Amino acid sequence: MSVAVIPLSKTFGWTASDRGLVSSAFFWGYALTQIPAGYVASTLGGSVVLALAVAVWSVGTFLAPVAAAGGILPLSLTRLVVGLGEGFGPPAVTALLAKHVPASMRARAVTVVFGGMELGNVIGLLTCGPLIASAGWQSIFYLFAIAGFVWVAAWPFLSPKENNNGGGGASSQPKAGAQRVPYGEFLRSGPVWAVICAHFCHNWGYYTMLAWLPSYFEMLFGAGATQAGQTALIPNLAMVAMVPIVGTVADSLRRRGMSTTRVRKLAQGAAFALPCLCMLACAALTPSGGLVSAPGSAIVAVLSLAFAMSTWSRAGLYCNHQDLSPKYAASLLGITNTAGALPGILGVWLTGRLLDATGNWSLALFLPIAAAQVLGLVVYSALASGEQIWE
């Protein structure tokens with residue numbers, strides 16, 4: 001959507017605020033489903049839930065071109081449906097990982113599986129521009145929807161076998177009270193609040209960059225949809241390159257005797273501190289609002305370093321749910337990812353509003369991300385734990 005919004009804006013005459021509204025509509029649905037998705041995945045298991053999730057978001061994607069002709073509201077509703085479907089994805093995946101992957105391989109598994117999001121971003125940014133140029137912006141929605149339907153058809157033959165009870169290492173004997181999720185205990189736990197805060201702060205940078213980076217290069221450097229998408233691709237490639245390193249190093253530190261808590265704090269600290277410095281550098285270098293006007297290549301290089309280092313969150317907060325409770329990892333992710341979805345609503349929309357009001361990319365995009373990363377670093381360093389609290 002971050003690339004498609006460029007020709008859509010030109011076709012329908014959208015402002016920056018309109019771009020932010022359409023891009024953020026997805027996250028309304030995504031935020032609404034996180035807690036119920038965590039409960040359902042913990043109860044039913046991840047395989048069935050994941051298949052249904054992909055089916056729903058593929059339907060929403062397929063309907064988007066027709067809805068766009070009706071205006072911003074119908075298009076936003078289809079994006080909300082996509083968010084409703086995708087909201088069930090991370091808890092379902094977490095339930096599968098918690099059940100089928102041993103703790104000694106946790107960081108590598110989480111990094112590789114959730115690294116698929118970065119790979120998806122790369123494929124999308126690489127293909128969307130040329131598809132738009134050759135077949136129109138509608139083509140990208142139809143292509144990715146059909147790909148989703150094909151995946152749903154293939155999943156029953158590829159998915160791991162599950163017991164009749166859900167993920168997280170729960171007993172295979174279904175009992176009436178066996179799946180009572182201790183939400184009250186979760187919300188009274190300092191380590192859980194550490195992950196909630198970290199998820200919110202990490203995603204403030206991730207989602208606003210994901211939504212606005214192609215527009216940044218298009219509006220500030222005059223790039224077309226293809227060039228803007230391919231330029232935004234470079235930092236995402238840096239994330240993909242970092243994926244195999246992060247999990248291997250984190251699991252190696254644990255095998256050598258470092259405590260899980262220390263490994264998680266080091267990993268998440270790296271994912272906050274270094275990208276924060278990069279955001280401050282981008283704020284200073286950007287031609288709109290910066291202290292100096294740097295060429296686009298310099299900004300891409302700084303952004304690539306920021307994206308690469310943010311990948312360490314895969315060995316930090318993204319593993320932490322399974323550390324705290326293998327059985328209820330999906331439910332914990334549902335809670336923290338609800339907070340993690342809010343930047344997609346607030347941050348993506350607020351960036352557009354600030355950009356319309358100030359015309360300053362430093363104030364609208366880079367400095368708010370840096371502030372969020374400082375907050376996340378402080379809270380997670382103080383409260384996080386890698387020790388198991390619940391079964």
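Residues numbered from 1 in each chain as written. Predicted model: local features only at pLDDT ≥ 70, side-chain atom pairs only at ≥ 80, totals over all residues. Heavy atoms only, no water.

**Considerations on the pattern of salt bridges**
And step 1. Applying the stated rule across the entire model yields one salt bridge.
And step 2. Between Arg-264 and Asp-323 there is a salt bridge, and its shortest N-O distance comes to 2.5 Å. In this pair, Arg-264 is assigned in helix α11 (residues 260-285) and Asp-323 in helix α13 (residues 317-324), connecting sequence segments 59 residues apart.
And step 3. Relative accessible area serves as the criterion here: at 1%, Arg-264 is assigned to the buried category.
And step 4. Asp-323 gets classed as buried once you look at its relative accessible area, which sits at 4%. (Salt bridge = Lys/Arg side-chain N within 4 Å of Asp/Glu carboxyl O. Helix = DSSP H or I, 4+ residues; strand = E, 2+ residues; numbered from the N terminus. Buried < 20%, exposed > 50% of the residue type's maximum accessible area, 1.4 Å probe, protein only.)

**Considerations on helix α5 (residues 89-100)**
And step 1. An ideal rise of 1.5 Å per residue puts 16 Å on twelve residues; α5 measures up with 17 Å between its terminal C-alpha atoms.
And step 2. Listed in full, the buried residues belonging to α5 are Gly-89, Pro-90, Pro-91, Ala-92, Val-93, Thr-94, Ala-95, Leu-96, Leu-97 and Ala-98. (Expected span 1.5 Å × (residues − 1).)

**Remarks on the packing of aromatic side chains**
And step 1. The tally for this structure, following the rule as stated, stands at 16 aromatic pairs.
And step 2. Ring plane angle 85° and centroid distance 6.3 Å describe the contact between Phe-27 and Tyr-30, whose orientation is recorded as edge-to-face. In this pair, Phe-27 and Tyr-30 both sit in helix α2 (residues 16-44), three residues apart, roughly one turn of the helix.
And step 3. Exposure remark for Tyr-30: the relative accessible area of 5% places this residue in the buried category.
And step 4. Each ring, one from Phe-186 and one from Trp-390, has its centre 4.7 Å from the other, and the planes form 85°; the classification is edge-to-face. In this pair, Phe-186 sits in helix α8 (residues 183-187) while Trp-390 sits in the segment after α15 (361-383), placing the two residues 204 residues apart along the sequence.
And step 5. We classify Trp-390 as buried; its relative accessible area is 10%.
And step 6. Three or more aromatic residues link up through ring pairs in this structure, and these residues are Phe-26, Phe-27, Tyr-30, Tyr-206 and Tyr-207.
And step 7. Here the guanidinium or amino end of Arg-314 rests over the ring plane of Tyr-318, the centre of that ring lying 4.4 Å away. (Phe/Tyr/Trp six-rings, centres within 6.5 Å; stacked < 30°, edge-to-face > 60°. Lys NZ or Arg CZ within 6 Å of the ring centre and 35° of its normal.)

**As for a nonpolar patch on the surface**
And step 1. Where nonpolar side chains cluster on the molecular surface, the patch consists of Val-59, Phe-62, Leu-63, Val-66, Tyr-142, Ile-146, Phe-149 and Val-150 and spans about 700 Å² of accessible area.
And step 2. At the level of elements, α3 (46-68) and α7 (138-158) are the ones that each hand at least two residues to the nonpolar patch.
And step 3. Among the structural elements, Val-66 can be located in helix α3. (Patch = residues over 30% accessible without salt bridge, like charges linked within 9 Å, V, L, I, M, F, W, Y side chains within 5 Å. Areas by Shrake-Rupley, 256 points an atom, 1.4 Å probe, with all protein chains shown as cover.)

**So, helix α12 (residues 296-310)**
And step 1. Between its first and last C-alpha, α12 extends 21 Å over 15 residues, near the 21 Å set by a 1.5 Å rise per residue.
And step 2. If you check which residues of α12 are buried, you get Gly-296, Ile-299, Val-300, Val-302, Leu-303, Ser-304, Ala-306, Phe-307, Ala-308, Met-309 and Ser-310.

**So, the nonpolar core**
And step 1. In this structure, Phe-186, Met-209, Trp-212, Met-279, Leu-303 and Phe-366 are the most contacted members of the largest nonpolar core, which totals 83 residues.
And step 2. At 16 residues, the largest contribution of residues to this core is made by helix α9 (residues 190-221).
And step 3. Excluding anything up to four places from it in sequence, Phe-186 contacts Val-181, Val-192, Tyr-328, Ser-331, Leu-332, Ile-335 and Trp-390.
And step 4. Counting 13 residues, the second largest nonpolar core, distinct from the first, contains Trp-14, Ala-64, Ile-132 and Ile-140. (Core = buried A, V, L, I, M, F, W, Y, C linked by side-chain atoms within 4.5 Å. Contact = heavy atoms within 4.5 Å.)

**What about the packing of helix α6 (residues 106-135) against α7?**
And step 1. Orientation of α6 relative to α7, taken along the N-to-C sense of each, is 130°, at an axis distance of 8 Å. Put simply, α6 runs oblique to α7. You can see that α6 and α7 cross each other, and the crossing is right-handed. Along its contact with α6, which presents Gly-124, Thr-127, Cys-128, Leu-131, Ile-132 and Ala-135, the element α7 presents Ser-139, Ile-140, Leu-143 and Phe-144. (Axes fitted to C-alpha atoms, helices over the stretch in contact; angles between N-to-C directions. Parallel < 35°, antiparallel > 145°, perpendicular 65-115°, else oblique. Left-handed = near helix turned anticlockwise from the far one by under 90°.)

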